[in-house]
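# Structure at a glance
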Amino acid sequence: MIRKADKGDISRIIELLHQVNMVHHVLRPDLFKPHTTKYNEQELTAMLDDSSKPIFVYDDGVVQGYAFCQITEVKDNQLLEDIKTLYIDDICVDEKARGKHVGKSLYEYVRDYARSIGCNNITLNVWEGNAPALHFYQNMGMQVQKTTMEVILPT
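Residues numbered from 1 in each chain as written. Predicted model: local features only at pLDDT ≥ 70, side-chain atom pairs only at ≥ 80, totals over all residues. Heavy atoms only, no water.

### Focus: the nonpolar core
Of all hydrophobic cores here, the largest spans 24 residues; its most connected members are L86, I88, L106, Y107, V110, I122 and Y137. Counting residues per element, the ones that place at least two in this core are β2 (55-59), β3 (63-74), β4 (83-93), α3 (102-116), β5 (121-124) and α4 (131-139). Broken down by element, the residue count for this core peaks at six residues, all from α3. With sequence-adjacent residues up to four places away left out, L86 is seen in contact with C69, Q70, I71, V110, Y113, A114, C119, N121, I122 and T123. Counting residues in hydrophobic clusters, the runner-up holds 15 residues, among them I13, L16, M47 and F68. (Core = buried A, V, L, I, M, F, W, Y, C linked by side-chain atoms within 4.5 Å. Buried < 20%, exposed > 50% of the residue type's maximum accessible area, 1.4 Å probe, protein only. Helix = DSSP H or I, 4+ residues; strand = E, 2+ residues; numbered from the N terminus. Contact = heavy atoms within 4.5 Å.)

### Side note on the environment of P29
Mapped onto the secondary structure, P29 falls in the loop between α1 (10-27) and α2 (41-48). Judged by relative accessible area, P29 falls into the exposed class, the value being 51%. Distance in space between the C-alpha atoms of P29 and E81 is 38 Å, their sequence separation being 52 residues.

### Describing the packing of α1 against α2
At a closest axis distance of 10 Å, the pairing of α1 and α2 adopts a crossing angle of 115°. Two packed elements cross with a definite hand, and for α1 against α2 that hand is right-handed. Judged by residue contacts, I10, I13, I14 and L17 of α1 engage E41, L44, T45 and L48 from α2. Residue composition of the contact of α1 with α2, by class: six nonpolar, one polar and one charged. (Axes fitted to C-alpha atoms, helices over the stretch in contact; angles between N-to-C directions. Left-handed = near helix turned anticlockwise from the far one by under 90°. Nonpolar A, V, L, I, M, F, W, Y, C, P; charged D, E, K, R; others polar.)

### Some thoughts on the packing of aromatic side chains
Taken as a whole and assessed by the stated rule, the structure comprises six aromatic pairs. Relative to F68, the ring of Y39 has its centre 5.3 Å away and its plane inclined at 25°; by these criteria the two rings are stacked. One end of the pair, Y39, is in the loop between α1 and α2; the other, F68, is in strand β3, and 29 residues separate them in sequence. A residue is classified by how much of its surface remains accessible, and F68, at 0% relative accessible area, is buried. With 5.0 Å between their ring centres and 65° between their planes, F56 and Y113 make a pair best called edge-to-face. Of the two residues, F56 is situated in strand β2 and Y113 in helix α3; the sequence distance between them amounts to 57 residues. By way of ring pairs, the aromatic residues Y39, Y66 and F68 are connected into one cluster. (Phe/Tyr/Trp six-rings, centres within 6.5 Å; stacked < 30°, edge-to-face > 60°.)

### Side note on the sheet that holds β5
If you trace the five strands from one edge of the open sheet to the other, you get β1-β2-β3-β4-β5, paired in mixed fashion. Of all the strands in the sheet, the pair left with one neighbour each is β1 (2-4) and β5. The sheet shows a mean angle of 30° between the axes of neighbouring strands, taken without regard to direction. Here three bridges tie β1 to β2, and the two strands are oriented antiparallel to one another. Within the sheet, the bridge partner assigned to R3 lies in β2 and is V57. Contacts between α1 and the sheet are confined to β2, β3 and β4, with β3 contributing the most and set at about 85° to the helix. Strand contacts of α3: β1, β2, β3, β4 and β5, with the helix running at about 165° to β4, the strand carrying the most contacts. (Pairing = 2+ DSSP bridges.)

Without other data, these values stay purely geometric and don't point to any function.
So this is what it looks like as structure tokens:
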């Protein structure tokens, strides 16, 4: 079952955040510190009370995955059309639950939620080198919107 996260989920979400961080640390140890999380308990508590940052969890008796979302709107911008976007800030499936369609269920739930609140699109970022994530999102029908590039400067 997928539902909005609540305060009782925080410790499990933190465990999953550790898994995601280690994926990123292995890909980019120059950017991501090991053995830490993107959010702490206080930040998660605040997010749970922020309707513009819904967090959804896949719960089959144990939280097996989550999707952190952010709702943004552009209105009356000189350059950009009015648009409401759901940005998937972070999505994670417990490494022991992968291959059981948890990620697909979470993504489809988020897609349906975005549609229900009038979003025009869903966006997210995938780190270069994270081929499984890229493949998953492509299978969900996502395509490249823009590309961020870098050059690492010698020290």
